[in-house]
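Single-letter residue listing:
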Amino acid sequence: QQQQQQQNDQKDDKDDFFLTTMVLQNGLLTPIANLSTSVLFKKQKLNARKVDFLPNVSHCQHPKVYGGGRGAGRLWNDYIGFQHPRVKKQRPKEFALFQRTHAAVLKALIPKKKWRDLAKTCGTAGTQYLALHARMELEMMDHACGKNMERNFTKIVQWMQSLMKEQDVHQTFVAVSRDGMEINKGKWYERYKVYADENLATLNQMTSVASGSTSPPFFECGKKLLQQHFEAPKFGSLLQSIVNFYIATESKAFVGVRGSSYSTDIWTTRYHQGRGLQNYEYTTEEIKRLENNGLPPTHKFCSSGNDKKEKKKKDEKTIDEKEETKQEQE
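Keep in mind it's a predicted model, so treat the numbers as computed, not measured.

Student: Please explain unusual backbone geometry as it appears in this structure.
Tutor: Only a minority of non-glycine residues have a phi that is not negative, and only a minority of peptide bonds are not trans. Backbone geometry places N292, a non-glycine residue, at a positive phi of 60°. Look at N293: it is not a glycine, yet its phi comes out positive at around 60°. Looking at the secondary structure, you find N293 in the loop between β6 (287–289) and α14 (305–329).

Right under this line is the structure:
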């Protein structure tokens, strides 16, 4: 009877597995479904701590999110790619599936409990706060997507202080890369020094506890939070980004910036989680409420003038090479 029960349990497990596999293959996770099938039928061994899923890579020392490291976000980018107009035209069924499932995915998009609990220890636990994604890193100032962004952090802080009074909260969480703001040499620094020094001084001032106060008006989490609990090389940059993402989605109101895919994902997630009416954006003029009930337009990747020039050169070179080949053949 025990053997029969074990056989029945194994059959049920396989039935469940095939059903799950079918769902995954009809959805968007075919590579993972194929790997699972291969492992189940012992065609392949799986060391869960050393799988990267990128081609020819299986030597990860510190496991991260799928695609972590140089390919960070690969699975997510593949998934988001299903909303591309080309998919709508060429693969309408997959596009329709994405449209039906995307809202549900975003509603469920939260880190594991361990990281949620850690995130809740940042700032003043149990109190409401605003969240700001400030793209003040020097590389963004030089990026094509950053050309229309406000570069003066002091101005944004002043606007945030007004919004804090309006929202009746006393703290703002700021998601920003200190490493990207603390660059003090090189071409980016020389080019944007007029902003860099003041922006960093403002960030340091606003995240420090003033005399007579018990907490700073602005607080950081991410890297600073994780460093209190883990060795820096072990958590990498992706985990701190995920922690910041969760803190921003849980805020009373979120202020992002157009041109940033990170802001766009937070706005979109908050919208599908029922928080869209408290989505804001900062421009070069002000902080204003996001239109369309807080649902942003799809993020469009920017191409710089240099990219276009390089593409033009490459196209011209290709044309020249074809012409030379044609002449040789003649």
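On we go.
Student: When you look at the state of the cysteines in this model, what are you seeing that I'm missing?
Tutor: Two cysteines form a disulfide when their sulfur atoms are joined by a covalent bond. Applying the stated rule across the entire model yields one disulfide. Paired by a disulfide, C122 and C221 hold their sulfur atoms 1.9 Å apart. An S-S torsion of about -100° defines the bridge between C122 and C221 as left-handed. With C122 in the loop between α6 (113–119) and β1 (130–133) and C221 in the loop between β3 (218–219) and α11 (222–227), this residue pair connects regions lying 99 residues apart in the sequence. With relative accessibility at 13%, the residue C122 sits in the buried group.

Student: Would you mind going over the packing of aromatic side chains with me for this structure?
Tutor: We describe a pair of aromatic rings using the distance from one ring centre to the other and the angle between the two ring planes. Per the counting criterion, the structure on display carries four aromatic pairs. Ring centres of Y129 and F219 lie 6.0 Å apart, and the angle between their planes is 75°; on these two criteria the pair is classed as edge-to-face. Of the two residues, Y129 sits in the loop between α6 and β1 while F219 sits in strand β3, which places them 90 residues apart along the sequence. For the pair shown, Y129 and F219 are each scored as buried. Centre to centre, the rings of F245 and Y262 are 5.8 Å apart; their planes meet at 80°, and the pair counts as edge-to-face. Of this pair, F245 sits in helix α12 (residues 232–249) while Y262 sits in helix α13 (residues 261–272), and the two are 17 residues apart along the sequence.

Student: Which parts of the structure should I look at to understand the sheet that holds β6?
Tutor: Strands pair in a sheet through their backbones, by hydrogen bonds, and they do so in one of two ways: parallel or antiparallel. On the basis of which strands lie adjacent, the open sheet formed by six strands has the order β3-β2-β1-β4-β5-β6 and mixed pairing. Each edge of the open sheet is held by one strand with a lone partner, namely β3 and β6. Relative to strand β5 (residues 279–282), strand β4 (residues 253–256) runs parallel, the two sharing three bridges. Along β5, the bridge assignment pairs V255 with Y280. Sitting on the sheet, helix α8 (residues 153–167) touches β1, β2 (172–175), β3, β4, β5 and β6, and the angle it makes with β1 is about 160°.

Rules and cut-offs
Residue positions are given per chain, counting from 1 as you read along its sequence in written order. The predicted nature of this model means local features are confined to residues of pLDDT at least 70 and side-chain atom pairs, given and counted, to a pLDDT of 80 or more, with totals for whole chains, interfaces and linings taken over all residues. Only hydrogens and water are set aside; all other atoms, that is, all heavy atoms of the structure, feed into the side-chain values. Runs of E in the DSSP output that reach at least two residues are strands. Runs of H or I that reach at least four are helices, and both are numbered from the N terminus. Note on terminology: disulfide denotes any pair of cysteine sulfur atoms within 2.5 Å. Throughout this description, buried means an accessible area under 20% of the type-specific maximum (1.4 Å probe, protein chains only), exposed means over 50%, and partly exposed covers the range between. Aromatic contacts are taken between Phe, Tyr and Trp rings whose centres are within 6.5 Å, Trp giving its six-membered ring; a plane angle under 30 degrees counts as stacked, one over 60 as edge-to-face, and the others as tilted. DSSP-based pairing: two strands are paired if at least 2 bridges between them are found. When checking whether two residues touch, look at their non-hydrogen atoms; a contact exists if any pair is within 4.5 Å. Lines fitted to the C-alpha atoms define the axes, with helices restricted to the stretch that makes contact. Angles between their N-to-C directions range from 0 to 180 degrees.

That is the geometry; function is a separate question.
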